[in-house]
Amino acid sequence: MKGMQRIKRHKSFVNVVKYVLKPGSHHKSDPVVIGGNMTSDCANELIAEFNTASGLRTDIAKPAWHNSLRLPKNDELTNEQWKLIANDYMTQLGFSDTHLRCYVLHDDSMGQHIHIIANRVDAVSGKVHLGRHESLVSGRIIQELEIAHGLTQTPAVRVQPKQTMRKLSRNEEMLSQRTGLPCPKKSLQQIIDKCLKDKPNLETFIKRIREAQVSWTANVSKTGKMNGFSFEYQNIAFKASQLGKMYSWANLQKLLNYEPERDNPLLLNAKPVAPAPAPAPAPAPAPAPAPAPAPAPAPATILRTTERRESIGGKIAELELRLREDKRTAIVEKILLKNTVKQQKHLRLIGWLPFLRRLAELLRSYGKSILHKTHTTFSNIYAMQPLNKARKIRL
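As the structure is a prediction and not an experimental result, all values here were calculated from the model.

A. Quick peek at the overall build of the protein chain. A tally of helices and strands in the protein chain yields 12 helices and 10 strands. Here the protein chain, with 395 residues, has 30% of them falling under the buried criterion. Put simply, 69% of the contacts in the protein chain that link residues at least 6 apart link residues at least 24 apart. For the protein chain, the exposed area adds up to about 28,000 Å²; of that, 57% sits on carbon and sulfur atoms.

B. Expanded view of the nonpolar core. In this structure, F205, F229, F231 and L267 are the most contacted members of the largest nonpolar core, which totals 26 residues. Broken down by secondary-structure element, the contributors of at least two residues to this core are α6 (184-195), α7 (202-211), β7 (214-220), β8 (226-233) and α9 (249-252). Excluding anything up to four places from it in sequence, F205 contacts I192, C195, L196, P200, F229 and L256. Membership of the second largest hydrophobic core comes to 23 residues, among which are L69, Y103, I114 and I142.

C. Region of the structure containing helix α3 (residues 79-93). For α3, with 15 residues, the first-to-last C-alpha span of 21 Å sits near the 21 Å given by 1.5 Å per residue. Buried within α3 we find W82, I85, A86, Y89, M90 and L93. Along the axis of α3, the buried positions cluster into a sector of 130 degrees, meaning they face one direction only. Remark: G94 follows α3 within two positions and exhibits a positive phi of approximately 110 degrees.

D. Structural detail: the pattern of salt bridges. One pass over the full model with this rule turns up 8 salt bridges. As a salt-bridge pair, K83 and E80 come within 3.0 Å of each other at their nearest N and O atoms. In this pair, K83 and E80 are both assigned in helix α3, 3 residues apart and thus about one turn of the helix distant. Judged by relative accessible area, which is 23%, K83 ranks as partly exposed. A salt bridge links R358 to E361; the nearest nitrogen and oxygen atoms lie 3.7 Å apart.

E. Spotlight on a positive patch on the surface. A cluster of basic residues, K338, K342, K345 and R348, forms a positive patch on the protein surface. Looking at where K345 falls in the secondary structure, it is placed in helix α11 (residues 298-351).

F. Looking closely at the side chain of S138. Relative to the helices and strands, S138 resides in helix α4 (residues 134-148). Not counting residues up to four positions away in its chain, the partners in contact with S138 are I7, N67 and Y89.

G. Structural detail: the packing of aromatic side chains. The full count for this structure, using the stated rule, is 7 aromatic pairs. Between W216 and F229, the aromatic rings sit 5.8 Å apart at their centres with planes inclined by 80 degrees, giving edge-to-face as the arrangement. Of this pair, W216 sits in strand β7 while F229 is found in strand β8, placing the two residues 13 residues apart along the sequence. In this structure, W216 and F229 share a single accessibility class: buried. Note on W352 and F355: the rings are 5.7 Å apart at their centroids and 80 degrees apart in plane angle, and the pair reads as edge-to-face. Take W352: its relative accessible area is 52%, and that puts it in the exposed class. Through a chain of ring-to-ring contacts, the aromatic side chains of F205, W216, F229, F231 and W249 assemble into a single cluster.

H. Broad picture of helix α2 (residues 43-54). In this model, α2 (12 residues) spans 16 Å end to end at C-alpha, consistent with the 16 Å of a helix rising 1.5 Å per residue. For α2, the set of buried residues is L46, I47, E49, F50, A53 and S54. Along the axis of α2, the buried residues cluster in a sector spanning 160 degrees; they form a single face. Facing away from the buried side of α2 by over 90 degrees, the exposed positions are N44 and T52.

I. Spatial organisation of the side chain of S68. By the element assignment, S68 lies in strand β4 (residues 64-70). You can call S68 buried: its relative accessible area is 11%. Discounting residues that sit within four places of it in the chain, S68 has contacts with K2, G3, M4, I114 and H115.

J. Region of interest: the packing of helix α1 (residues 14-21) against α2. Closest axis-to-axis distance for the α1/α2 pair is 10 Å, and the angle between their directions is 145 degrees. Remark: the crossing between α1 and α2 carries right-handed chirality. Note on element contacts: α2 touches α1 through A43, N44, L46, I47 and F50, opposite V14, V17, K18 and L21. The residue inventory of the contact of α1 with α2, partitioned by class, reads 7 nonpolar, 1 polar and 1 charged.

K. Focus on unusual backbone geometry. Unlike most non-glycine residues, N74 shows phi in positive territory, near 75 degrees. In this fold, N74 is placed in the loop between β4 and α3. Taking relative accessible area as the criterion, N74 reaches 71% and is therefore assigned exposed.

L. The packing of α3 against α4, seen in detail. Relative to each other, α3 and α4 sit at 140 degrees, their axes nearing to 10 Å. In terms of orientation, α3 and α4 fall into the oblique class. Both α3 and α4 take part in a crossing whose hand is right-handed. Note on element contacts: α4 touches α3 through E134, V137, S138, I141, I142, E144 and L145, opposite I85, D88, Y89, Q92 and L93. Its residues placed into classes, the contact of α3 with α4 shows 7 nonpolar, 2 polar and 3 charged.

Conventions we followed
- Residues numbered from 1 in each chain as written.
- Predicted model: local features only at pLDDT ≥ 70, side-chain atom pairs only at ≥ 80, totals over all residues.
- Heavy atoms only, no water.
- Helix = DSSP H or I, 4+ residues; strand = E, 2+ residues; numbered from the N terminus.
- Buried < 20%, exposed > 50% of the residue type's maximum accessible area, 1.4 Å probe, protein only.
- Contact = heavy atoms within 4.5 Å.
- Areas by Shrake-Rupley, 256 points an atom, 1.4 Å probe, with all protein chains shown as cover.
- Core = buried A, V, L, I, M, F, W, Y, C linked by side-chain atoms within 4.5 Å.
- Expected span 1.5 Å × (residues − 1).
- Arc of directions from axis to C-beta.
- Salt bridge = Lys/Arg side-chain N within 4 Å of Asp/Glu carboxyl O.
- Patch = residues over 30% accessible without salt bridge, like charges linked within 9 Å, V, L, I, M, F, W, Y side chains within 5 Å.
- Lys, Arg positive; Asp, Glu negative; His and termini not counted.
- Charge placed at Lys NZ, Arg CZ, Asp CG, Glu CD.
- Phe/Tyr/Trp six-rings, centres within 6.5 Å; stacked < 30°, edge-to-face > 60°.
- Axes fitted to C-alpha atoms, helices over the stretch in contact; angles between N-to-C directions.
- Left-handed = near helix turned anticlockwise from the far one by under 90°.
- Nonpolar A, V, L, I, M, F, W, Y, C, P; charged D, E, K, R; others polar.
- Parallel < 35°, antiparallel > 145°, perpendicular 65-115°, else oblique.

Following this line, the structure appears as structure tokens:
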């Protein structure tokens, strides 16, 4: 039994539900919902139920979960057997009974298979099924289900990590267009790929890149842990990170027959290695014999250059560490200064409290308070006296 190579997640249930329930000419019979924990079996009502549960967690961008389980050709199961296997599969993946899901049976020329659509949001508690590394976990669960239910055992499908090469920069592309040849980075990537084509052991890999005029440096820690390679091609040094993720040691060792106990002593004994020098052409016969000059020690020069490069790299690393420490110290000093200023303001404010307390007591003794407000308008009438009728008022 096989599952999809990568379990899919979707933003909406509309397309995936309509896709799995849509009849096709290659189907022996129309797709039908054979199980799950939902009340409906038609597309629109299923979508409405799924959306109701998704409303509990609107912050989840992709609540729809989709996978399929396919039997080998000519193998068949009843609907009840399919439901039992699907329930065991979802339980082992970590879905609870209150995660809404449905199982849709397809039958075509390649054999029977079911599509499982589930909501990652729990319809009761609102908890979300995270499913870390679930594509890898799914393969292991399927193998266990094949044994437990007596199904035909099939080889596991390995999910290969997504490996990428580092893209060429604009200058590298212009150089390649101008010369009509691959740039050094592209050439080095092609050389390493060619040396790794049949999963060689580490010694063979080193021999191949040396024959391709590529020097290498093994970054091995004092504890014996291998951290990766650095390469030099056409007098240009490249780190693995400059070539791409697929050339990092985490991915490179998967393409090599690497055993730390066997291969690390080889790397420690020959850490920086230069490529074998190409044989020099035979000199033309001179008219008169002359003493031949002593050959320059090329390997020693290369070793000295490598050591000089390592010393420069060490100094750069030391300067970067010092700059980071200085920056961290400056940030801490700013924080401490800010806290000191706040503390001083607080102390000045507290110093006014005794004076304000004495002022409040003094005002209270006069029947007033700090919030006392004097009326500035004649809004209150304290006495009224009628005018004398005999008095004439001339206007």
